Amino acid sequence: MKKTVDVSIPLGPVHPCWKEPARLKCETAGERVLGVEVELGYMKKGIERIMRGRPWQEVMFLAERVCGICSVIHNMVFIEAMEEISGIAVPPRAAYLRVVANELDRMASHILANFSYCYTIEHETLAMYLLNTRETVLDNLERLTGSRINTAYMIPGGVRFDLLPEDGAALLADLAKVEEEMKRHVRIFETGPLIALRSKGIGVMSREEAIRSHTVGPTARASGVEDSDLRLRHPTYRELGFTQITRTEGDNFARIMVRFQEVFQSIDLIRKCVENLPEGPIRGGGFCKAGETSYAGEAPRGELTYAIKTDDYGRVVDIAIRTPSIMNIEACAHAMITDAASIADVTSIFISSDPCIACNER
């Protein structure tokens, strides 16, 4: 009888399907994957160290550069943490505009994640469709904030720019266009036989495994983890009637579908904000004070936490950032990829968790 030899197969750190460098060391027996070790450390930036001792005005810009894909939520969580320390109130109009910026950024991030997945399973047509739709989303983020990526839109006590009536009308018109395009993209994804073969039943993670691995964001919600979206506890989102999207399949297909569904949810939230935008100022004023807090918000990939300590002059004495991808990558390695039927599924399973190496190696 022929003996099956266990082989160690490395994927990465430079891989055509990875957005950023990471190495997956797969232990296999034939085609079956017995175990995976994720090796990081290829793009350390040291942003946390650079932040210490600097005034909040500088740290605000550095926070956005932790991740270029979800920069708005880093800005939002840092600023809201400073507001919590200093007791600064935000006018209702500014609070709604923050949601608009955050949800546009979430749409851009989710569409990019699903583009990466479709590209990984070699459905390049749908991948290019998604990337084209994302451009419209980024154009509207620029219309609101003045920038497509690093916006620096939120400041303590409000936001930098108001939304003019004509810009609001243009935003709603573009959202209607994006919504129709996304409906078509979802139909292609749901009904394509190639997608079903490479996605359904692949990389399954049960609800219990997701909870045990401390998985967060769409990756957790695709496995049926309830009450895992921090927007449920944010006052502005609660006022808008936000509800969490959850699926139970726990496979690649479910993770991508959760992101598609959240894009439509983001469109609805932005419409509510623009159509019911309160009158009043966009800045409430206030001074940053000495204090300490740990504040969390819902990034596109899950829970993002900033632990901050400041002095009387608003300088950041100490700061620690916990990003969502570190939990999701560990869950992916130990719950999704282990015992995969084929080494060919490793890349698609890894990408389905939407790993952000830049966030991890801040």
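Reference entry: report on the structure contained in this document. (Residues numbered from 1 in each chain as written. Predicted model: local features only at pLDDT ≥ 70, side-chain atom pairs only at ≥ 80, totals over all residues. Heavy atoms only, no water.)

## Some details on the sheet that holds strand β2 (residues 23-29)
With antiparallel pairing, three strands are arranged side by side in an open sheet as β1-β2-β3. Of all strands in the sheet, those with a lone pairing partner are β1 (6-11) and β3 (32-39), marking the two edges. Neighbour-to-neighbour, the strand axes of this sheet turn through a mean angle of 20 degrees, independent of strand direction. Examined bridge by bridge, β1 and β2 share six bridges and lie antiparallel to one another. From the neighbouring strand, Pro10 faces β2, where its bridge partner is Lys25. Across the face of the sheet, helix α12 (residues 325-337) comes into contact with β2 and β3 while running at roughly 170 degrees to β3. (Pairing = 2+ DSSP bridges. Helix = DSSP H or I, 4+ residues; strand = E, 2+ residues; numbered from the N terminus. Axes fitted to C-alpha atoms, helices over the stretch in contact; angles between N-to-C directions. Contact = heavy atoms within 4.5 Å.)

## Let's talk about the pairing of strand β8 (residues 316-322)
Relative to β8, strand β7 (residues 302-310) runs antiparallel, the two sharing six bridges. Residue Thr310 lies in a different strand from β8, and its bridge partner there is Val316. Hairpin remark: β7 followed by β8, antiparallel, with five residues in the connecting loop; positive phi at Gly314, about 80 degrees.

## Topic: unusual backbone geometry
Even without being glycine, Asp227 reaches a positive phi, approximately 55 degrees. Structurally, Asp227 can be placed in the loop between α9 (217-221) and α10 (235-239). Positive phi is not limited to glycine here, since Asp354 has a value of about 55 degrees. Inspection of the secondary structure assignment puts Asp354 in the loop between α13 (346-352) and α14 (357-360). On the accessibility criterion, Asp354 (2% relative accessible area) is buried. (Buried < 20%, exposed > 50% of the residue type's maximum accessible area, 1.4 Å probe, protein only.)

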